[in-house]
Amino acid sequence: MTLLALLFNIALGVGSLAWGYAQIGLLPFARWMIFLGAAWLLAIWRRWRWFGHVVLGVLFLAAALGLWILDLPPGWMLSGAIGGVLAFDLSGCLHRLRFAASDEERRAVERRHLARMALLTLLGLGLASWMMQIKSQFNREWVMFLALAGMLALVQLVPWFRR
């Protein structure tokens, strides 16, 4: 379950930044963001834990550049940064879960951690939506993004409630 959330948050972070930069015509930069996400997936597969630190720094720099210098929509930049932080945290959690004593302990730790992450994601996307509303940039694309993120969250929550 943590691996699925990790993959979703990598896509959230990298995809949001790529979409925000593609909207203003910086397609090469958007392609580099997508390439960075693919490299991060490779690094997780190869267990290169150091790579997450590098990607997190790059995602924060890209989000800050988009927010403060290029005046891009804050929703895409904030969701990119949020996705990067959550993916970074989940990769560390995935590493720590390998050392759990039992499957029951592992599931309990995983469930609590994912619940906290879901709450932080909800708060972060709420803040991003509020910023989009303030800047009058709340548009159809953002609504579709929120709907997709909500559906993916529900897909993860339904199995939890069934257990």
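The model shown is predicted, which means the values in this text are computed figures rather than measured ones. (Residues numbered from 1 in each chain as written. Predicted model: local features only at pLDDT ≥ 70, side-chain atom pairs only at ≥ 80, totals over all residues. Heavy atoms only, no water.)

1. A look at the overall build of the protein
So, point 1. Check the secondary structure of the protein and you find six helices and zero strands.
So, point 2. Counted from the first residue to the last, the protein has its helices and strands arranged as α-α-α-α-α-α.
So, point 3. Taken over C-alpha atoms, the radius of gyration comes to 16 Å for the protein, in line with the 15 Å a tight globule of 163 residues would show.
So, point 4. Taken along its principal axes, the extent of the C-alpha atoms in the protein is 50 × 35 × 20 Å.
So, point 5. The 163 residues of the protein split such that 38% are buried.
So, point 6. Contacts in the protein between residues far apart in sequence, at least 24 positions, make up 71% of those at least 6 positions apart.
So, point 7. When the accessible area of the protein is evaluated, it comes to approximately 9700 Å², of which 70% is carbon and sulfur surface.
So, point 8. Of the charged side chains in the protein, 15 are positive and 7 negative, and the gap between their average positions amounts to 4 Å. (Helix = DSSP H or I, 4+ residues; strand = E, 2+ residues; numbered from the N terminus. Rg over C-alpha atoms; globule rule 2.2 N^0.38 Å. Buried < 20%, exposed > 50% of the residue type's maximum accessible area, 1.4 Å probe, protein only. Contact = heavy atoms within 4.5 Å. Areas by Shrake-Rupley, 256 points an atom, 1.4 Å probe, with all protein chains shown as cover. Lys, Arg positive; Asp, Glu negative; His and termini not counted. Charge placed at Lys NZ, Arg CZ, Asp CG, Glu CD.)

2. A look at the side chain of Ser 79
So, point 1. Looking at where Ser 79 falls in the secondary structure, it is placed in helix H4 (residues 74-97).
So, point 2. Its relative accessible area of 0% is what places Ser 79 among the buried residues.
So, point 3. With sequence-adjacent residues up to four places away left out, Ser 79 is seen in contact with Leu 12, Gly 13, Ser 16, Leu 125, Trp 142 and Phe 145.

3. Let's talk about a nonpolar patch on the surface
So, point 1. On the surface, Ile 24, Leu 26, Leu 65, Trp 68, Ile 69 and Leu 70 cluster together to form a nonpolar patch covering roughly 620 Å² of accessible area.
So, point 2. Mapped onto the elements, Ile 24 comes out in the loop between helix H1 (2-23) and helix H2 (27-46). (Patch = residues over 30% accessible without salt bridge, like charges linked within 9 Å, V, L, I, M, F, W, Y side chains within 5 Å. Salt bridge = Lys/Arg side-chain N within 4 Å of Asp/Glu carboxyl O.)

4. Some thoughts on the side chain of Ser 16
So, point 1. Mapped onto the elements, Ser 16 comes out in helix H1.
So, point 2. Among the residues examined, Ser 16 registers a relative accessible area of 2% and is labelled buried.
So, point 3. A polar contact of 2.7 Å, which involves the side chain of Ser 16, links it to the backbone oxygen of Leu 12. (Polar contact = N/O pair within 3.5 Å; in protein donor to acceptor, adjacent residues only side chain to side chain.)

5. Some words on helix H5 (residues 103-134)
An α-helix turns once every 3.6 residues. As a result, residues three or four positions apart point the same way.
So, point 1. The first and last C-alpha atoms of H5 sit 46 Å apart over 32 residues, in line with the 46 Å expected at 1.5 Å per residue.
So, point 2. Where H5 is concerned, the buried positions are Glu 110, His 113, Leu 114, Met 117, Thr 121, Gly 124, Leu 125, Ala 128, Ser 129 and Met 132. (Expected span 1.5 Å × (residues − 1).)

6. Some details on the packing of H4 against H5
So, point 1. Interaxial distance between H4 and H5 falls to 9 Å at its minimum, and their mutual angle equals 170 degrees. Judged by the inter-axis angle, H4 sits roughly antiparallel to H5. Across the interface between the two elements, Pro 74, Gly 75, Trp 76, Leu 78, Ser 79, Ile 82, Leu 86, Asp 89, Leu 90, Cys 93, Arg 96 and Leu 97 of H4 pack against Arg 106, Val 109, Glu 110, His 113, Leu 114, Met 117, Thr 121, Gly 124, Leu 125, Ala 128, Met 131 and Met 132 of H5.
So, point 2. When grouped by side-chain class, the residues that make up the contact of H4 with H5 number 15 nonpolar, five polar and four charged. (Axes fitted to C-alpha atoms, helices over the stretch in contact; angles between N-to-C directions. Parallel < 35°, antiparallel > 145°, perpendicular 65-115°, else oblique. Nonpolar A, V, L, I, M, F, W, Y, C, P; charged D, E, K, R; others polar.)

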